[in-house]
Amino acid sequence: MNLIEKLIASHLLEGDMARPGSDIALRIDQTLTQDATGTMAYLEFEAMGMPRVKTELSVAYIDHNTLQSGFENADDHKFIRSCARKHGLRFSRPGNGICHQVHLERFGAPGKTLIGSDSHTPTGGGIGMLAMGAGGLDVAVAMGGGAYHIPMPKVTLVRLLGELQPWVSAKDVILEVLRRLSVKGGVGRAIEYGGPGIAGLSVPERATITNMGAELGATTSVFPSDEVTKAFLAAQGRAEDWTALSADDDAEYDSVIEIDLAQLEPLAACPHMPDNVQPVRGIGKIAIDQVCIGSCTNSSLRDMLKVAAILKGKTVAPNVSLSIAPGSKQVLTMLAQNGALADMIAAGARILECACGPCIGMGQSPGSGGISLRTFNRNFEGRSGTADGQVYLVSPETAAASALRGVFTDPRELGGTAEIPAPAAFFVDDNMIELPVPEDEMERVAIAYGPNIKPLPATTPLPEHRKAEAVLKVGDNITTDHIMPAGAKLLPYRSNIPYLSQFCFAQIDPDFAGRCQAAGGGILIGGANYGQGSSREHAALVPLYLGIQAVIAKSFARIHTANLVNAGILPLTFANPEDYDNIRQGDLLELPEIRRAMQTGGPVTLHNRTTGASFALAHTLSERQRGILLAGGLLAWTKQRNETLPAGEH
Ligand code: MIC
Ligand code: SF4
């Protein structure tokens, strides 16, 4: 077996691993949430009526909504903390760091399954975990002891050969994979890293690579667990969490890609897609306005020490604002202890708290048309908070070198090397992680609902027929940031769907929400890879609130498909992709006998009442997913099953 198959086999509850694309159910050992998706996930957990989490470990992190320009975020933090205390979770306090970085440092373990209400949860694959991003409701179900369902992925082996040259880094490896595979190349696949080249990559470097596998659309990315993993865990004081994990010698893969690390050079993803990759030296010495270093992709101690070494004794160019957000309290403390923080400050860096910050538009938006180099993982248009901001994704080395020169700079121009040895021991102090409270105390905890927390949108069972207007037609690669934008102004309303709904698709079509409400809902038409990016279920809950009944697209991203199903919205595809051209925005569409089609798994037909055309639609929905759609979403389905199944069979 390959490594992905081994991890799946050891957690398989239902399904056939031999049939890629078919539904499989996995036992989940660990879960994580962050605060931007967590409020919703805990509201859903509350709605399921579970007294306490049933996983081996569940952690609630506060890292996204840390800009508190009103009461909303602080209220949400209080709500999440009260849920953690009531239901037996660990609570990572604001300031303790970005969920993926902290989880890797303190909780992740080879061979375990982890789902998180954040698309970059596969960071844990850097130490051999089967770690996946999921919608909040799926995480809530897993916290309650339920299985996590995914389509069985095909497995691609990325065989790494050779060694990285000085100033070329892990970020350049994943940018090369993105250049080759594109933002939809990983859909339906899990990526396994192997080959002789992996021995030379440290855990933080591996985690950079698995983290940004999310941008491929991959279900997850995993490295074997070896001596490097063992040394990392030992340095974290967690040697006992280590186990060796690797593929069998005769393992088979659906496809294999080879990358010679020695041939790589510094790369950049140019505006506005993570797969729009060019060599840095080819971009030219264009003047830049901003550099942001941090995010769950590149905020490890290793990355920060590299940056500090480059900045030491120099000054950031006058035309550049440089901000640095270390990934965790552990990283920041160690930087402070060894003097590297002082080198950053002395060079003129603006030090931010250990959180997502600019990556999710929480401050540091660039100026008009501003050119911003970021060590982050997403450069979708407008995500920085500036509609015409030009964001390039680069390695920490390229970012720091460019910050000093004021122009796009290939870090190899700096000469020499900046070797950063892995520390023999990390500074460990978990004082900002609250442990679950004792059982008798749990019962007395009152959930702290702030006034910004509004009820979940209501759903209804799927009717016999569906008929509605095509309220919006969009093109390929629509991201969840298009569907439901984030940023400092909107993130505080993640628990207020009615308010958020006014901003649905605002960047593409500011009249969308109003038109939907006037039409009493509708159907969305999308191109290929619809719903890529974040795991935010808001990109399904908000359309649900606006009355969206179905999304018909050429293809979908995995997590978004699950979120649509969980919300009771039909995700359908064109049986023949050319039929995309047979629908115009504003056409009246009908899905006759759609309920029957979902009951039987039979064919789905679409009548375009405006043009008179009729054609076949397709879907990849499992029987369970069809059942969920019939019930009107996962919450309704779970409730229905609890009422009808004999005790013990839920
Ligand atoms: C992101 O990077 O887009 C986020 C913010 O971390 C999201 C989660 C969210 O929307 O809250 C993600 O990647 O899942
Ligand atoms: Fe946070 Fe950015 Fe990572 Fe999302 S991608 S978890 S916003 S740091």
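In this text the structure is predicted, and so the values were computed from the model without any measurement.

Judged by how many residues are buried, strand E24 (residues 570–574) sits mostly within the fold: 5 of 5 residues are covered. Two elements, strand E23 (residues 548–553) and E24, share 4 bridges in a ladder whose sense is parallel. From the neighbouring strand, valine 551 faces E24, where its bridge partner is proline 571. Bridge analysis of E24 against strand E27 (residues 614–618) gives 2 bridges, and the strand direction is antiparallel. By the bridge assignment, phenylalanine 574 is partnered in E27 with leucine 617.

Our focus in this paragraph is the site of ligand 1. Within the structure, ligand 1 sits among 14 residues, and Asp118, Ser119, Arg383, Ser535 and Arg536 are positioned closest to it. Serine 119 is positioned with one of its side-chain polar atoms (N or O) 2.5 Å from an oxygen atom of ligand 1. Between an oxygen atom of ligand 1 and a side-chain N or O atom of arginine 494, the distance comes to 2.9 Å. Burial of ligand 1 by the surrounding chains reaches 97%, relative to a free accessible area of 330 Å². Here the shell around ligand 1 is composed, by residue class, of 2 nonpolar, 7 polar and 5 charged.

In this section: the packing of helix H2 (residues 35–48) against helix H3 (residues 71–87). Between H2 and H3, whose axes approach to 10 Å, the crossing angle comes to 45°. Between H2 and H3, the crossing angle belongs to the class labelled oblique. Where H2 crosses over H3, the two elements pack in a sense that is left-handed. Contacts from Asp35, Gly38, Thr39, Tyr42, Leu43, Phe45 and Glu46 in H2 reach Asp76, His77, Phe79, Ile80, Cys83 and His87 in H3. Of the residues assigned to the contact of H2 with H3, the class counts are 6 nonpolar, 4 polar and 3 charged.

Turning our attention to unusual backbone geometry. Cis geometry is found at the peptide bond from proline 271 to histidine 272, where omega equals 0°. Mapping histidine 272 onto the fold places it in the loop between strand E13 (267–269) and strand E14 (277–279). If you check the backbone angles, serine 295 has positive phi at about 80° while not being a glycine. Within the element layout of this structure, serine 295 appears in the loop between strand E15 (290–293) and helix H10 (301–311). The phi dihedral of asparagine 529 is positive, around 60°, even though this residue is not glycine. Mapping asparagine 529 onto the fold places it in the loop between strand E22 (522–525) and helix H18 (538–545). Classification of asparagine 529 as buried rests on a relative accessible area of 2%.

Bringing the packing of aromatic side chains into the picture now. Counted under the stated rule, the structure contains 10 aromatic pairs. Between phenylalanine 79 and tyrosine 449 the ring centres are 5.4 Å apart and the planes differ by 40°, which places this aromatic pair in the tilted class. Note that phenylalanine 79 is positioned in helix H3 and tyrosine 449 in the loop between helix H14 (439–444) and strand E21 (466–473), a separation of 370 residues in sequence. A relative accessible area of 0% places phenylalanine 79 in the buried class. Assessed through its relative accessible area of 47%, tyrosine 449 is described here as partly exposed.

Rules of the game
- Residues numbered from 1 in each chain as written.
- Chains lettered and ligands numbered in written order.
- Predicted model: local features only at pLDDT ≥ 70, side-chain atom pairs only at ≥ 80, totals over all residues.
- Heavy atoms only, no water.
- Buried < 20%, exposed > 50% of the residue type's maximum accessible area, 1.4 Å probe, protein only.
- Helix = DSSP H or I, 4+ residues; strand = E, 2+ residues; numbered from the N terminus.
- Pairing = 2+ DSSP bridges.
- Near = heavy atom within 4 Å.
- Polar contact = N/O pair within 3.5 Å; in protein donor to acceptor, adjacent residues only side chain to side chain.
- Areas by Shrake-Rupley, 256 points an atom, 1.4 Å probe, with all protein chains shown as cover.
- Nonpolar A, V, L, I, M, F, W, Y, C, P; charged D, E, K, R; others polar.
- Axes fitted to C-alpha atoms, helices over the stretch in contact; angles between N-to-C directions.
- Parallel < 35°, antiparallel > 145°, perpendicular 65-115°, else oblique.
- Left-handed = near helix turned anticlockwise from the far one by under 90°.
- Contact = heavy atoms within 4.5 Å.
- Phe/Tyr/Trp six-rings, centres within 6.5 Å; stacked < 30°, edge-to-face > 60°.

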